[in-house]
Amino acid sequence: MSELLEHPEAAASKPETIEKVSIIISKGSLEGIYPGLIMANGARMEGIDANLFFTFFGMDAINKAKHEHVKVATVGNPGLHLATWAGGFPGMSALVTHKLAGEMEKLDIPPIPEFVQMISDTGAGLYGCKASVDLFELSREDLIDEVTDVITVGEFYAMAAGGHIIFT
Amino acid sequence: MSTVIYAGRPVEVDAEGFLQQPEQWTEQMAGEIGRANDIDALTERHWQVINFMRKTYLGTGSAPSIRTLGKVSGVPIKELYQLFPKGPAKLAAKIAGIPKPRGCI
C-alpha cells in the first residue's frame, strides 16, 4: 500500500495482477499431470497463492503406489507423431517416458514425486477429490503425506473463491 | 530501462526494478532493495541465498532454478518461502543485483 501512496503515477498504470489460482489436475498421464504442476510451482515462484486439486486419474500424482510410475500415453496421442500401431508396442510407453524424463532432468524439471513435494514445500495446498477417492476405493492412507485434505467439489469452490480456476 | 539511486549510487534497472548490470551492485544496496520489496531486515539466512544467487549467476550466466536453490544453497524450499514470501528466486535475484531469472521452474 505504501508503494501506491509514494508512486501514484506508477499505481495508475499498474496492470491487474493475479493473487490466487486453484489448479485442477484431472488426467493421469505424464503429459496430463506436468502442466498443472508447472503452473502451480510457477504461481508460487511469482508469489501467487496456489492450491492443487487432484481428481479422477490425476489422483495418480498423489497416490503413493502410482506416483512413481506415471507414463506418457503413446497410443492415441497425436502430439507424439507416432503411428498408433507403433505406440502400442510393449514397452513403448516406458521408453518414451524414460526419454522424456531425461530431457526434463536437463531442464531441471523434477520427477513427479519430487515435484509434488517441492510444490507442497512452497506452501501450496494439495487436495484430493472426495468423489474420486470413493470411486477408486482409496483411503487417506493411500495418498502421500503432503496431501492437505480430501475435499468435495463444493469445498473446492469455496476455497477457490476470489481467485482463478485452471482446469488441466 | 531507468536509473535509480541505491546506497548513494546510480544503477540501471528494468521496469520491475532488477539491476541490469550486476557489477553496479554493492552489498550496501541489498538492505535498501529488500525494504523496497517488503523484507524489513536481511538475516544471515537471507544472505546465504543472496550470495548463492549472485555466485551462480556470475559463474554460469544464469540464475539458479528454485529446485537448485533448494538443493544446493543450503536453505530448503520451505524456508526459502518463509524468507522471501513473494517468490524466493525472483526476490533474491533482485536483492542480489542480478537480472530477473527467466526459467519456468
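Definitions and cut-offs
Counting of residues starts from 1 at the beginning of each chain's written sequence and follows it residue by residue. Chain labels run from A onward and ligand labels from 1 onward, assigned in the order the entries are written. Thresholds applied to this predicted model are a pLDDT of at least 70 for local features of residues and 80 or more for the giving and counting of side-chain atom pairs; totals over whole chains, interfaces and linings are not thresholded and use all residues. The side-chain figures draw on all heavy atoms in the structure; neither hydrogens nor water molecules are used. Pairing of aromatic rings covers Phe, Tyr and the six-membered ring of Trp, with a centre-to-centre limit of 6.5 Å; geometry is then stacked below 30 degrees between planes, edge-to-face above 60, and tilted otherwise. To qualify as a helix, a DSSP run of H or I must reach at least 4 residues; to qualify as a strand, a run of E must reach at least 2; elements of each kind are numbered from the N terminus. Burial status follows relative accessibility: with a 1.4 Å probe on protein chains alone, a residue under 20% of its type maximum counts as buried, one over 50% as exposed, and anything between as partly exposed. Two thresholds decide whether a charge sits over a ring: the Lys NZ or Arg CZ must be within 6 Å of the ring centre and within 35 degrees of the ring normal. Two strands pair under a simple rule: DSSP has to find at least two bridges between them. What counts as an axis is a line fitted to C-alpha atoms, over the stretch in contact for a helix, and the angles between N-to-C directions run from 0 to 180 degrees. The handedness rule is simple: strands pointing away from the viewer, and a clockwise path from the first strand over the helix to the second, make the crossover right-handed. Oblique is the label for any angle not under 35 degrees, not over 145, and not in the 65 to 115 range, which are roughly parallel, roughly antiparallel and roughly perpendicular in turn. When the near helix sits turned anticlockwise from the far one by under a right angle, the crossing is termed left-handed; a clockwise turn instead gives a right-handed crossing. By the convention used here, residues are in contact when the closest approach between their heavy atoms is within 4.5 Å. Amino acids outside the nonpolar list (Ala, Val, Leu, Ile, Met, Phe, Trp, Tyr, Cys, Pro) and the charged list (Asp, Glu, Lys, Arg) are all regarded as polar, and Gly is one of them.

(A) Examining the packing of aromatic side chains more closely. Counted under the stated rule, the structure contains 8 aromatic pairs over all chains. Summarising the aromatic geometry, the rings of A:Y34 and A:F115 are spaced 6.1 Å apart at their centres and angled 40° between planes, so their arrangement reads as tilted. Of this pair, A:Y34 sits in helix α3 (residues 30-45) while A:F115 sits in helix α6 (residues 112-121), and the two are 81 residues apart along the sequence. Neither residue differs from the other here; A:Y34 and A:F115 are each classed as buried. One aromatic cluster is present, formed by A:F53, A:F156 and A:Y157 through successive ring pairs. Over the ring of B:F18 we find B:K94, and its NZ or CZ is 5.2 Å from the ring centre.

(B) Molecular detail of the sheet that holds strand β3 (residues 125-129) of chain A. Residues and elements named next belong to chain A. Across the sheet, 5 strands lie side by side as β4-β3-β2-β1-β5; this open sheet has parallel pairing. The open sheet has two edge strands, β4 (149-151) and β5 (164-167), and neither has a second partner. Within this sheet the neighbouring strands show an average axis-to-axis angle of 25°, counted without direction. Bridging between strand β1 (residues 20-25) and β5 involves 4 bridges; their strand directions are parallel. In the strand pairing of β5, S22 is matched with I165.

(C) Layout of the pairing of β1(A). All names here are of chain A. Counting buried positions along β1 gives 5 out of 6 residues, so the element sits mostly inside the fold. The pairing of β1 with strand β2 (residues 49-54) spans 6 bridges and is parallel. By the bridge assignment for β2, I23 is matched with L52. Crossover connection from β1 via α3 to parallel β2: handedness right-handed.

(D) Main features of the packing of α3(A) against α6(A). All names here are of chain A. Where α3 contacts α6, the axes come no closer than 10 Å and their chain directions differ by 25°. Here α3 is positioned roughly parallel relative to α6, judged by the angle of their axes. For α3 against α6, the interelement crossing comes out left-handed. Every residue of α6 that contacts α3 at L30, I33, Y34, L37, I38, A40 and N41 is listed here: I112, F115, V116, M118 and I119. Considering only residue class, the contact of α3 with α6 consists of 11 nonpolar, 1 polar and no charged.

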